[in-house]
Amino acid sequence: MLILFGTLALLLVIGMPVALALAGASLAFLVLESPIPPVVLMHRMINGVDSFPLLAVPFFILAGSLMNHAGITDRIFDFAKALVGWMRGGLGHVNIGASVLFAGMSGAAVADAGGLGTIEIKAMKEGGYDPDFAVGVTAASSTIGPLIPPSLPLVVYGVVSSASIGQLFAAGLVPGVLMAAALMAMVAWYARVRGYGRDAGFAWAVLGRTFRRAFLSLLTPVIIVGGILAGLFTPTEAAIAACAYALVLGGPVYRTLTLRKIGAISRDTVETTAIVLLIVAAAAIFSWILTSNRVTEMVAEAILSQTQNVVLVLLLINVVLLIVGFFMEPVAAITILTPVLLPVVVELGVDPVHFGIMMVLNLMLGLLTPPVGMVLYVLARVADIRFESAVRATAPFLIPLGAVLALVTYVPAISMWLPELIYR
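Before going into details, it helps to say that this report is about the structure given with it. (Residues numbered from 1 in each chain as written. Predicted model: local features only at pLDDT ≥ 70, side-chain atom pairs only at ≥ 80, totals over all residues. Heavy atoms only, no water.)

### Details of helix H12 (residues 235-253)
Point 1. Given a rise of 1.5 Å per residue, 19 residues ought to cover 27 Å, and the 25 Å separating the end C-alpha atoms of H12 matches this to within 8%.
Point 2. Three or more residues of H12 are buried, namely Pro235, Thr236, Ala238, Ala239, Ala242, Cys243, Tyr245, Ala246, Leu249, Gly250 and Gly251.
Point 3. The inward-facing, buried residues of H12 abut helix H4 (56-69), helix H5 (72-84), helix H10 (165-194) and helix H11 (204-229).
Point 4. Immediately downstream of H12, the backbone of arginine 255 shows phi near 55°, a positive value. (Helix = DSSP H or I, 4+ residues; strand = E, 2+ residues; numbered from the N terminus. Expected span 1.5 Å × (residues − 1). Buried < 20%, exposed > 50% of the residue type's maximum accessible area, 1.4 Å probe, protein only. Contact = heavy atoms within 4.5 Å.)

Given below as structure tokens:
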């Protein structure tokens, strides 16, 4: 294990991409310490991505990209402004509301930051908001996306843990809304301290007009989640349905998608999918080595030998996940750590669906922290500020998100109420 983890740490320190670092560390272990031929590395990596549920990953990525380029983000932003722009700190609340609405289409924090972030930060700067506040609230609100269905990290967790993806989608809805409420409370505090006013008066006519304009776009999460809950299709088939619907909206309905745009979107989707699935494949061989060498059992025994107090164990796991999130991309962390940590919490009676929501929410905070915080890099480029400035701007918003993480961890009903109502 010293060779495995030592090689991984060395490769990450010298700047090797996460996928290559995981595969390289696994190969070093097989060559130096295992009688298993290195060719097994390729077989296990292929088996790691040979999964029907993982087909949802490229299709949800494609659906999010199509929505971004079809002008749907503008319609959502306008509707959110009419809905909550009348509150003090209006565009901050609009930012969060738009992220909640867009979460039902993209399923990824980086897609939210890159798509809506451009519109939101530009509007907030023009509205007289401080750039640090605009970047901070945009970064924090983007983490809502992976909790509200559909969610790419929850799909990956469901594949690795063999948990029901439908139940995971249902379990993420209430925590996602709770995150939005906590962030809106933070925006209200900022508005009072910095004297931000209202950006628009409330008018039923404007709300109705923007709702009609955004109505077809807002149907996307209804189609995805409603189809899954009604048993019309699986999460994978729901992702395909979302792509088809986005093509219809962007093509004959809105007339904003051209063949050239679709070609560019497809190339970007292939690139993003390749990155995600290469990480999953490399993490699969890494996890297989840990499991086959009984490391997962030893970790479980070591933790449970110290304490079987579920409160302390969940606290310890949250600390570990926060530290890992500083240095590792969420998909890789989920694939590696789920086989190690899930047996521990299951032994203590924690539901795998509840643990999945806790894990994904925790790792989303890693997207807002250096050195790997991808959302911060995206928004620093969008806002044209230094990365260090983006880090300082986002730091205060970790407080309400951390409070929601604590609630989700220790109040299982927050995440389990809806799946128990629908599925159990």
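### Examining the layout of surface pockets
Point 1. Considering only enclosed or pocket space, the second largest pocket measures out at about 370 Å³ in volume.
Point 2. Taken together, 16 residues make up the lining of the second largest pocket; nearest its centre are Phe5, Leu8, Val324, Ile336 and Leu337.
Point 3. Classifying every residue of the lining of the second largest pocket gives 16 nonpolar, no polar and no charged. (1 Å grid on protein atoms, 1.4 Å probe; cavity = no way out; pocket = protein on both sides within 12 Å on 5 of 7 lines; lining within 4 Å. Points joined across faces, edges and corners; volume = space filled by probe spheres on them. Nonpolar A, V, L, I, M, F, W, Y, C, P; charged D, E, K, R; others polar.)

### Focus: the nonpolar core
Point 1. Counting 139 residues, the largest nonpolar core has Leu22 and Phe355 as its most contacted members.
Point 2. The element that contributes the greatest number of residues to this core is H10, accounting for 12 residues.
Point 3. Beyond its immediate chain neighbours, meaning those up to four positions away, phenylalanine 355 contacts Tyr157, Ile317, Leu341, Leu342, Val345 and Val350. (Core = buried A, V, L, I, M, F, W, Y, C linked by side-chain atoms within 4.5 Å.)

### A closer look at the packing of aromatic side chains
Point 1. Per the stated rule, a full pass over the model turns up 12 aromatic pairs.
Point 2. With a centroid separation of 5.4 Å and 10° between ring planes, the pair formed by tyrosine 190 and phenylalanine 397 is classed as stacked. With a gap of 207 residues between them, tyrosine 190 in helix H10 and phenylalanine 397 in the loop between helix H19 (387-394) and helix H20 (398-410) connect regions that are remote in the sequence. Assigned by exposure class, tyrosine 190 and phenylalanine 397 land together as buried. (Phe/Tyr/Trp six-rings, centres within 6.5 Å; stacked < 30°, edge-to-face > 60°.)

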